[in-house]
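Remarks on the overall topology
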Amino acid sequence: MKAPFDRPDIEKLIGAMTLKEKVGQLTMLSGELVQTGPASAPVTSDAIKNGEVGSLLNLVGPDRIRDAQRQAVEGSRLKIPLLFSLDVLFGLRTIFPIPLGESAAFDPALWEATARVAAQECAVEGIDLTFAPMIDIARDPRWGRTLEGPGEDPLVGRRVAQAKVRGYQMTDLAAPTAIAATAKHLAGYGAVRAGREYASVDMSERLLHEVYLPPFKAAVEAGVACIMPAFIDLNGTPMSIHTRLLRRLVRERWGFEGVMVSDWSSVAELLVHGVAADLAEAAALALNAGVDIDMMGKGAYFDGLPEALDRGLVTMTTIDESVRRVLLLKLRLGLFDNPYRRCGSPEAVAAVRVQTARRALAREAARKSIVLPTNLENTLPLKKSLRSLAIIGPFGDLAGGTSGPDAVQRIATFVDQVKAAFPKAAISVAAGSEVERLSATGLEVARQDARRSEVLLLCLGETMEMAGEASSRDYPGIPEPQQDLARALLGTGKPVVVLLFSGRPLILPSWLAERAKAILAVWHPGCEAAGAIVDVLSGSHNPDGRLSMSWPADVGQIPIFFAERPTGRPRLENEHFSSKYLDVPNEPRFSFGHGLSYTTFLLTNPRATKWTIAPGETTEILVDIKNTGAMAGESTVFLFIRDVVSSITRPSLELKDFTKVALAPGETKTVRFILSTDQLCFLGPDLEPLLEPGAFNIYVGPSASPDRLQMLALRVRPASIETAQNRA
């Protein structure tokens, strides 16, 4: 079928549109199937036919979407197709681990694969665009949306952004199983004050450009179709109207040509921020800053822009620019060619027909996300000869996700998986406690089960509802009733293995971290939680997840991260006037990159192919790694740098690369990193990349913990006069 419109005809289409139809294209309303924000008005058939809405969110299902689309392309004057969007952060039908958990896999191929499956499932259900990936760097686990992001480091955020954009969009947005991705939330949202949702953000320009913006630049470089500014104000300017960042930086300097969509009602909320007196002012400020689509803005664009035009607050040229970007996105998505292309096309249906393959990927993603922070006396993996095992704690509630079976069914599935892995073991199940309420009767039942069992599998943590948007916690720890349960079980003297469910790093009581025989951080692992957890418990999968966020020992350490700048008075045990706490250590409970294995790895002989390099050159950093244990395993190796002397203080450690290597028992391999002088640059006083000659310490190791790193020295020599002249 020939496309009714091609790129040149977009201009004719804009010329034919009334102002009402133009602002309609810039309006996104909710289909009301899924509630993701405050209550809103319903979308009517007349609104679609009259061109008053250009896109819908939260409407799912090919029949419903086909019906709504038909009203637009058959019932409206200009027959412009609707765009359908949905939050699909970790799967639609196949639920993968939460993004923070998945980031612990340190596996870009896996990140891309899970996005690819999510896109295929969206394409079957009629979804054209997802509001993902969420690539906000987070260093404060009090913030609930830590759950949705890549952790604390900008390099990890960049690689997640690139992998997810590739997975969602492929190389052609018009492909039947491709959907548009949205990089959100630009920028600094993860640094809200005290971790409190929607609060203000105050940070230096250096911190913003070095830590919080790089993942978004990587998304733009990967071709992301859409960007969503954050709700928050940044240094006093709400991101929805931050012209300097949205228009000057992202559009003009980075070259982003796609669509910017507001977050839910954030344009209307400019009135509450106190920067706009009415909807017309709010709409003008947002549109002039570069925000193309107003999501659920209480009529901010549809009602406010015509008034703003009359008052001279916006120009028709600016309105047309945004309309053009929206129409071009629809064109790129193939919607003018076939408006129903994602309503169950044969290609999309074929892609998701094999459910077993998608479930297998979900299981692989879940088990690769699981991290083993502690394993005293090699308690894990559990022995196949195990005779009795008590599963204690509110597993059914903790393992719940956004959809799927109820708590009873989740427990039953988990028990079945445990029985299959440990056929000789008698299995008992007792909740012992609710998530946030202790039951005296339940506690006594749990004690009785514990006394009869060889090993206690204790399920602790927070539910999905305790993390995510609008779920900040002042003390992100294990709820007190569950702690009471843990104390009681540890008091039995039986070995306790903790399954820790969470959407963020949790502050663990010292007595639990020290007395539990093993702790598995399983996050919220998705639809294959039961099988993945048992795979790790039984040793059929050797855990290879590594923490993408530092875990604080106490709340007073927050925000905590490995890439701190050195102080002039570093911590000295015997020096009172040094940088330290009086009551807690400086170090986190668990460092970035931490994670144990059922085998052991030895890194030796770090070296470089060139020890001195000139600007524009590269060197290869090599290190040998040997599996010194008895089980095959996979290790993550990190490459950090330290600029020894620089004109601006640099962090003690900066992550520059990471890779994974699989090794059989006794096997040795050489890990190779290509390091360029571009990676040794930092942002100078003008926030432009600057390379300074001199010494650099290069560190390789399994985590950011200083005692696990091996160092070699590298030098960058000054550029020669000839090189400098050539560059000029």
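In short, a report on the structure. Values in this document were obtained by computation on a predicted structure and should not be read as measured data.

**Notes on the packing of aromatic side chains**
Within this structure, the stated rule accounts for 15 aromatic pairs. Relative to F658, the ring of F638 has its centre 6.5 Å away and its plane inclined at 50 degrees; by these criteria the two rings are tilted. Here F638 is found in strand β20 (residues 633-643), whereas its partner F658 is found in strand β21 (residues 654-663), with 20 residues between them in sequence. In this structure, F638 and F658 share a single accessibility class: buried. Ring-pair connections join several aromatic residues into one group, and the members of that group are F106, F562, F592, F638, F640 and F658. Note that R139 overlies the ring of F561, its terminal NZ or CZ placed 4.1 Å from the centroid. Above the plane of the ring of F422 lies K384, whose end atom (NZ or CZ) is 5.7 Å from the centre.

**A look at the sheet that holds strand β17 (residues 601-608)**
Across the sheet, which stays open at both edges, the three strands sit in the order β17-β19-β22 with antiparallel pairing between neighbours. Of all strands in the sheet, those bounded by a partner on one side alone are β17 and β22 (668-676). Across the sheet, the mean angle separating the axes of adjacent strands is 20 degrees when strand polarity is ignored. The sheet contact formed by strand β19 (residues 618-627) and β22 spans nine bridges and is antiparallel. In the strand pairing of β22, I625 is matched with K669.

**Here we look at the sheet that holds strand β1 (residues 27-30)**
On the basis of which strands lie adjacent, the open sheet formed by five strands has the order β4-β3-β2-β1-β10 and parallel pairing. Both outer strands of the open sheet, β4 (129-130) and β10 (294-295), are each paired with one neighbouring strand and no more. Two strands pair when backbone bridges link them, and β1 and strand β2 (residues 55-57) are joined in this way by three bridges, in the parallel orientation. Each bridged residue has a counterpart across the sheet, and for M28 the counterpart in β2 is S55.

**So, the packing of helix α6 (residues 108-125) against helix α16 (residues 355-369)**
Think of two packed helices as two axes; the pair is described by the angle between the axes and how far apart they sit. Running from amino to carboxyl end, α6 crosses α16 at an angle of 145 degrees, the nearest separation of the two axes being 11 Å. Here the hand of the crossing between α6 and α16 comes out left-handed. The segment α6 lies against α16, with L110, A113, T114, V117 and E121 engaging R358, L361, A365 and K368. Taken together, the residues of the contact of α6 with α16 sort by class into five nonpolar, one polar and three charged.

Quick notes on the rules
- Residues numbered from 1 in each chain as written.
- Predicted model: local features only at pLDDT ≥ 70, side-chain atom pairs only at ≥ 80, totals over all residues.
- Heavy atoms only, no water.
- Phe/Tyr/Trp six-rings, centres within 6.5 Å; stacked < 30°, edge-to-face > 60°.
- Helix = DSSP H or I, 4+ residues; strand = E, 2+ residues; numbered from the N terminus.
- Buried < 20%, exposed > 50% of the residue type's maximum accessible area, 1.4 Å probe, protein only.
- Lys NZ or Arg CZ within 6 Å of the ring centre and 35° of its normal.
- Pairing = 2+ DSSP bridges.
- Axes fitted to C-alpha atoms, helices over the stretch in contact; angles between N-to-C directions.
- Left-handed = near helix turned anticlockwise from the far one by under 90°.
- Contact = heavy atoms within 4.5 Å.
- Nonpolar A, V, L, I, M, F, W, Y, C, P; charged D, E, K, R; others polar.

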